[in-house]
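# Notes for the structure review
If you want the building blocks of each chain, they are given just below.
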Amino acid sequence: MKYSDGNPDALKKKFWLALDDSPFLFLELDGQSDTSVPMTAQLDKDANSSIWFFTQKNSTFAQLGKVKASFAGKDHDMFARFDGTLSVETSQERFDQFWNNFVEAWYDGGKDDPDILFLRMDLGEAEIWSGDLGLLNTAKMALGMNVHDEAEERHVESVDI
C-alpha cells in the first residue's frame, strides 16, 4: 500500500469527492467484460459503503451478484477500480431519494415504469490512483524526466471503500 503520508484514508476521501463530482463509471458483471457499460452512480454522503443504480429489468445486471467498476474522474485527476455485489434495493425511501428528471428521462412510465430495476452495489476492495501529480511533476514530464516514484506515492493498491 502506498500513499504519500502512508494513510489511504486521505486518498479514499478524495475518491468519494471525485465520484460525487462526476458520478459516471463503467460497471460490468465479474469476469464478463462484454457486459461493461457506463452507468450513473447514485451516492448518499452518509452511506460510504454502497452506491445505487437505476437500470432496466432486462439489463444484464438483473443477474445480480459480483461486479467490478472502473472510474476516471473529471480532468483525469482520480482513477479507481473497485468491486462489489449487486442486489435489488427495495427501499422506497431510497428510491425516492435518488429519483430525478435525469433518471426519469430513461423511463417512459416515470416512477411507475414497470421496467425499472433499482440496484444497490455493496462495495468491496478498491485500487485508487491520484492523477494529480502537481505542477512540478507536470513540468518534469514535459521535459521527459522520470516521475514514476512520485506517481506511486499517489496510489493505494487495496483499500476497503
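Fair warning: this is a prediction, and the values are worked out from it, not measured in the lab.

### Remarks on the overall build of the chain
Of the regular secondary structure elements, the chain holds five helices and seven strands. When the helices and strands of the chain are placed in sequence order, the string is α-β-β-β-β-β-α-α-β-α-α-β. Out of the 161 residues belonging to the chain, those deemed buried represent 39%. Summing over all exposed atoms, the chain offers an accessible surface of approximately 9,400 Å²; the carbon and sulfur share of this is 50%.

### Describing the layout of surface pockets
Put simply, the largest pocket is a space of about 530 Å³. For the lining of the largest pocket, the elements supplying multiple residues, two or more each, are strand S2 (37–40), strand S3 (50–56) and helix H3 (101–104). Broken down by element, the residue count for the lining of the largest pocket peaks at four residues, all from S2. For the lining of the largest pocket, the residue count by class is 14 nonpolar, six polar and one charged.

### With respect to the side chain of Thr35
For Thr35, the location among the structural elements is in the loop between strand S1 (24–29) and S2. Judged by its relative accessible area of 8%, Thr35 falls in the buried class. For Thr35, the side chain forms a polar contact with the main-chain nitrogen of Leu29, separated by 2.9 Å. Each residue touching Thr35, except ones within four places of it in the same chain, is listed here: Leu27, Glu28, Leu29, Thr60 and Phe61.

### Focus on the pattern of salt bridges
Any two side chains of opposite charge can pair if their charged atoms end up close together. Taken as a whole and judged by the stated rule, the model has eight salt bridges. For Glu127, the salt bridge is made with Arg81, and the minimal N-O distance between the two is 2.4 Å. With Glu127 in strand S6 (residues 116–130) and Arg81 in strand S5 (residues 78–88), this residue pair connects regions lying 46 residues apart in the sequence. Take Glu127: its relative accessible area is 15%, and that puts it in the buried class.

### What to know about unusual backbone geometry
Negative phi is the rule for most residues except glycine; trans is the rule for most peptide bonds. Even without a glycine there, the phi angle at Leu64 is positive, about 60°. Within the element layout of this structure, Leu64 appears in the loop between S3 and strand S4 (65–72).

### Overview of the packing of aromatic side chains
Inspection of every chain in the model, using the stated rule, returns eleven aromatic pairs. Ring plane angle 70° and centroid distance 5.6 Å describe the contact between Phe15 and Phe82, whose orientation is recorded as edge-to-face. A residue pair is termed long-range when its members are at least 10 positions apart, and Phe15 in helix H1 (residues 8–21) and Phe82 in strand S5 qualify at 67 residues. Of the residues examined, Phe15 reaches a relative accessible area of 1% and is grouped as buried. An angle of 80° between the planes, with centres 5.6 Å apart, marks the rings of Phe54 and Trp99 as edge-to-face.

### Re the confidence of the model for the chain
Within the chain, residue pLDDT values average 82, and 76% of them lie at 70 or more. In this model, residues 133–143 is a region of pLDDT below 50 whose contacts with residues beyond four sequence positions or in other chains number twelve contacts.

What counts, and at which threshold
Numbers given for residues are sequential positions, taken from 1 along each chain in its written order. With the structure being a predicted model, the display of local features is reserved for residues of pLDDT at least 70 and the display and counting of side-chain atom pairs for 80 or more, all residues being used for whole-chain, interface and lining totals. With hydrogens and water excluded, all non-hydrogen atoms of the structure serve as input to the side-chain values. Secondary structure elements follow DSSP: runs of H or I of four or more residues count as helices, runs of E of two or more count as strands, with numbering from the N terminus. Residue burial is assigned from relative accessible area. The probe radius is 1.4 Å, only protein chains are included, and a residue is buried under 20% of its type maximum, exposed over 50%, and partly exposed in between. The Shrake-Rupley method, run with a 1.4 Å probe, gives the accessible areas here. Residue values count only the displayed protein chains as cover. Buriedness of a pocket was judged along seven lines, with at least five required to meet protein on both sides within 12 Å; pockets are open sets of points on a 1 Å grid over the protein atoms alone, cavities are sets where a 1.4 Å probe fits but cannot get out, and lining residues have an atom within 4 Å of a point. Grid points are joined across faces, edges and corners, and a volume is the space filled by probe spheres set on the points. Each residue receives one of three labels: charged for Asp, Glu, Lys and Arg, nonpolar for Ala, Val, Leu, Ile, Met, Phe, Trp, Tyr, Cys and Pro, and polar for the others, Gly being one of them. Distance and chemistry together define a polar contact, namely a pair of N or O atoms within 3.5 Å, with one atom able to donate a hydrogen and the other to accept it when in protein, and with adjacent residues in sequence counting only for side-chain atoms on both sides. Here a residue-residue contact requires only that any non-hydrogen atoms of the pair lie within 4.5 Å. We define a salt bridge as a contact between a side-chain nitrogen of Lys or Arg and a carboxyl oxygen of Asp or Glu at a distance within 4 Å. For Phe, Tyr and Trp, rings pair up if their centres lie within 6.5 Å, where Trp contributes its six-membered ring, and each pair is then called stacked (planes under 30 degrees apart), edge-to-face (over 60) or tilted (otherwise). Residue-level confidence of the predictor is what pLDDT reports, using numbers from 0 through 100.

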